[in-house]
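Here are the chains, one letter per residue:
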Amino acid sequence: MTIKERIVEQKSKTQELVIIGGGIMGLMTAYYASALTEHIVILEKRMIGNQEASSFSFTRSMHTDYLDPLYARLAYEALGMWRELREKTGKSLLVDNGCLNIAKRTVTPELEETYTAKCYDVVEGLGLRPEKLSKEAFQKRYRQFDVDFGYLNSAGGYFNLRVIADTLVGLLRERGVQIIENVDTDEIVEEDNQVRISTNKGIFIAKQLVITPGGKWANEVLELVKGNELQLPIKLTQPESRYYYPEPDQREQFLPKNFPVFAYPDVGIYGHPIADEQKGAVKVAFYEPSDFEPDADGKIRGVADFVEECMPSLKSMRSEAVTDADKCFYDVVEDGDFVLGALPRYEHIFIGTGWHGAGYKFSPLIGKILSQLTLQNGTVYDIQQFNPGRFVK
Ligand SMILES: Cc1cc2nc3c(=O)[nH]c(=O)nc-3n(C[C@H](O)[C@H](O)[C@H](O)COP(=O)(O)OP(=O)(O)OC[C@H]3O[C@@H](n4cnc5c(N)ncnc54)[C@H](O)[C@@H]3O)c2cc1C
């Protein structure tokens with residue numbers, strides 16, 4: 001069959017919306033879009049749930065602790081949407097047991113100047129009533145840590161990624177969204193007020209196209225768009241993660257009810273409680289913080305350094321590098337902002353990527369925004385700062 005014949009065949013099936021990339025951003029876009037229209041297709045290069053995608057690990061943190069009040073507000077807005085979705089589905093998508101932000105003088109001597117201390121003010125400014133904790137308070141309540149200062153923000157917790165993916169895919173199928181896997185796209189052409197996507201599974205004609213292929217593949221997909229010259233300055237980095245296995249008599253203190261998600265953002269550390277009782281592991285991860293100076297002495301250069309200094313109770317436990325998940329990368333955009341909006345020079349192609357290794361929590365909001373951009377001719381959210389056009393030379 002010639003291309004023309006294949007187009008004629010598919011024309012009768014013009015889709016309202018095609019989404020390239022079935023990670024959490026693609027799934028959430030389809031979810032919010034499916035409340036507005038029918039005829040939605042997700043094209044996924046691999047399988048939904050593949051381990052190379054960032055969206056399909058076991059847990060991710062939910063927190064609202066950002067120095068930039070805009071991101072703190074967006075995260076809080078998204079948290080409300082997660083809670084709504086949890087209520088609606090009755091599934092344990094999110095465990096909101098809070099996020100504990102910590103700091104220690106031997107690591108970051110100027111405690112008042114830490115990311116943690118400054119974030120406290122931002123979070124308080126949002127009216128979230130974070131609870132300040134002194135060294136003594138930690139000794140009483142959170143003996144798992146040896147730190148000098150911190151605060152508990154109840155607008156935080158962790159996500160159960162497997163439950164979320166299964167729930168969303170189920171909802172999308174119920175709503176008639178087509179999910180097509182193992183799709184290789186050859187070319188994307190915008191013409192005659194619509195978009196033609198040529199793939200190994202046929203040609204798709206869409207009124208609107210959303211591109212959410214994850215930061216690792218965003219530029220690859222952009223290269224397929226005929227006439228597009230935009231490439232995004234995205235750097236990929238991989239955090240180090242370790243599981244620590246408490247002995248049976250130590251477990252109770254690391255269960256979610258006693259042990260919130262935690263972060264020492266100044267030195268790029270975060271961790272999760274025992275989310276899966278069968279596995280019985282506490283996760284601790286380290287990344288190179290890009291928006292704050294790491295500790296001047298370079299005391300903490302990885303998970304083991306952090307454990308030595310701030311969580312000595314983990315030291316004696318059996319531990320191992322995380323290898324069963326998280327083979328994925330942080331997608332850090334040069335200027336630190338998301339990339340979200342219309343692809344410059346195109347009317348029907350939109351992109352969402354570059355989440356700075358922190359996008360999961362925002363995904364319902366991003367999905368809603370992309371569905372509004374494509375199906376409602378604009379969004380009620382101010383996303384000017386994220387405009388992909390800022391990278392046009
Ligand atoms: C180790 C790690 C820890 C993280 N921790 C947190 C956290 O604690 N809290 C938080 O909020 N966020 C966290 N994040 C970030 C979060 O996981 C990501 O921002 C989010 O999952 C990105 O979703 P996505 O849908 O954009 O991309 P992805 O999950 O990468 O999905 C993109 C999908 O598109 C597909 N695709 C690629 N190319 C094509 C193509 N040409 N055609 C069709 N499909 C294609 C891919 O196969 C993939 O399935 C973490 C990320 C990492 C790597």
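Residues numbered from 1 in each chain as written. Predicted model: local features only at pLDDT ≥ 70, side-chain atom pairs only at ≥ 80, totals over all residues. Heavy atoms only, no water.

**Examining the overall build of the protein chain**
So, point 1. Each helix and strand in the protein chain was counted, giving ten helices and 21 strands.
So, point 2. The C-alpha atoms of the protein chain give 22 Å as radius of gyration, which agrees with the globular expectation for 393 residues (21 Å, within 12%).
So, point 3. Taking the intrachain contacts of the protein chain between residues at least 6 apart in sequence as the baseline, contacts between residues at least 24 apart amount to 70%.
So, point 4. Separation between the mean location of the 45 positive side-chain charges and that of the 57 negative ones in the protein chain comes to 3 Å. (Helix = DSSP H or I, 4+ residues; strand = E, 2+ residues; numbered from the N terminus. Rg over C-alpha atoms; globule rule 2.2 N^0.38 Å. Contact = heavy atoms within 4.5 Å. Lys, Arg positive; Asp, Glu negative; His and termini not counted. Charge placed at Lys NZ, Arg CZ, Asp CG, Glu CD.)

**Focus on the pattern of salt bridges**
Pairing of side chains with opposite charge becomes possible as their charged atoms draw close.
So, point 1. In the structure shown here, the tally under the stated rule is 21 salt bridges.
So, point 2. We note a salt bridge from Lys207 to Glu16, for which the minimum N-O separation is 2.9 Å. Of this pair, Lys207 sits in strand β12 (residues 202–211) while Glu16 sits in strand β1 (residues 15–20), and the two are 191 residues apart along the sequence.
So, point 3. Given the relative accessible area of 39%, Lys207 is considered partly exposed.
So, point 4. Between Asp146 and Lys135 there is a salt bridge whose closest N-O contact spans 3.8 Å. Here Asp146, found in the loop between α5 (135–141) and β7 (149–153), pairs with Lys135, found in helix α5; they are eleven residues apart in sequence, far enough to count as distant. (Salt bridge = Lys/Arg side-chain N within 4 Å of Asp/Glu carboxyl O. Buried < 20%, exposed > 50% of the residue type's maximum accessible area, 1.4 Å probe, protein only.)

**Structural notes on the packing of helix α2 (residues 24–33) against helix α3 (residues 69–89)**
So, point 1. Running from N to C, α2 and α3 cross one another at 70 degrees; their axes reach a closest spacing of 14 Å. Between α2 and α3, the angle falls in the class roughly perpendicular. Like other packed secondary-structure pairs, α2 and α3 cross with a definite hand, here left-handed. Of the residues in α3, those in contact with Met28, Tyr31 and Tyr32 of α2 are Met81, Trp82, Leu85 and Lys88.
So, point 2. Among the residues making up the contact of α2 with α3, the classes are represented as six nonpolar, no polar and one charged. (Axes fitted to C-alpha atoms, helices over the stretch in contact; angles between N-to-C directions. Parallel < 35°, antiparallel > 145°, perpendicular 65-115°, else oblique. Left-handed = near helix turned anticlockwise from the far one by under 90°. Nonpolar A, V, L, I, M, F, W, Y, C, P; charged D, E, K, R; others polar.)

**Digging into the side chain of Asp337**
So, point 1. Mapped onto the elements, Asp337 comes out in the loop between β19 (330–333) and β20 (339–342).
So, point 2. As a buried residue without a salt bridge, Asp337 has its nearest oppositely charged side chain in Arg390, at a separation of 5.1 Å.
So, point 3. Within polar-contact distance, the side chain of Asp337 engages the side chain of Gln385 at 3.1 Å.
So, point 4. In this view, Asp337 contacts Tyr71, Gly354, Gln385, Phe386 and Arg390; residues no more than four positions away in its chain are not counted. (Polar contact = N/O pair within 3.5 Å; in protein donor to acceptor, adjacent residues only side chain to side chain.)

**Structural notes on helix α6 (residues 161–174)**
Along an α-helix, a turn takes 3.6 residues, which lines up residues three or four apart on a common side.
So, point 1. Taking 1.5 Å as the rise per residue, α6 with 14 residues should run 20 Å; its terminal C-alpha atoms sit 20 Å apart, in good agreement.
So, point 2. Looking at the buried positions of α6, the neighbouring elements they touch are α2, β2 (40–43), β3 (59–62), α3, β8 (157–160) and β9 (178–180).
So, point 3. One or two positions beyond α6, positive phi appears at Gly176, with a value near 80 degrees. (Expected span 1.5 Å × (residues − 1).)

**Let's talk about the site of the ligand**
So, point 1. Contacts to the ligand come from 33 residues, most closely from Glu44, Arg46, Ser55, Ser61 and Lys361.
So, point 2. Between the ligand and Ile24, the relevant distance is 3.2 Å, taken from an oxygen atom to a main-chain nitrogen or oxygen of the residue.
So, point 3. Here an oxygen atom of the ligand and a side-chain polar atom of Trp355 are 3.0 Å apart.
So, point 4. For the shell around the ligand, the class distribution of residues is 16 nonpolar, eleven polar and six charged. (Near = heavy atom within 4 Å.)

**Concerning the packing of α2 against α6**
So, point 1. The geometry of α2 relative to α6 is characterised by a closest axis approach of 10 Å and an angle of 35 degrees between their N-to-C directions. The two elements α2 and α6 cross, and the hand of that crossing is left-handed. Within the contact between the two elements, α2 uses Ile24, Leu27, Met28, Ala30 and Tyr31 and α6 uses Ile164, Leu168, Val169, Leu171 and Leu172.
So, point 2. Tallied by class, residues from the contact of α2 with α6 come to ten nonpolar, no polar and no charged.

**What about the environment of Gln238?**
So, point 1. Here Gln238 shows up in the loop between β13 (234–237) and β14 (240–245).
So, point 2. When its relative accessible area of 45% is taken as the criterion, Gln238 is described as partly exposed.
So, point 3. For Gln238 and Lys140, which are 98 residues apart along the polypeptide, the C-alpha to C-alpha distance reads 35 Å.
So, point 4. Look past the residues within four positions of Gln238 in its chain and what remains in contact with it is Asp326, Lys327, Cys328 and Phe329.
So, point 5. One polar contact links the side chain of Gln238 to the main-chain carbonyl oxygen of Cys328, over a distance of 3.3 Å.

**Quick word on unusual backbone geometry**
So, point 1. Phi at Asn182 takes a positive value of approximately 55 degrees, unusual for a residue other than glycine.
So, point 2. Topologically, Asn182 is positioned in the loop between β9 and β10 (185–191).
So, point 3. Asn182 gets classed as partly exposed once you look at its relative accessible area, which sits at 39%.
So, point 4. Within the chain, His356 stands out as a residue other than glycine whose phi angle is a positive 65 degrees.
So, point 5. Tracing the chain through its elements places His356 in the loop between β21 (349–353) and α10 (363–375).
So, point 6. Among the residues examined, His356 registers a relative accessible area of 24% and is labelled partly exposed.

Nothing here speaks to function; it is geometry throughout.
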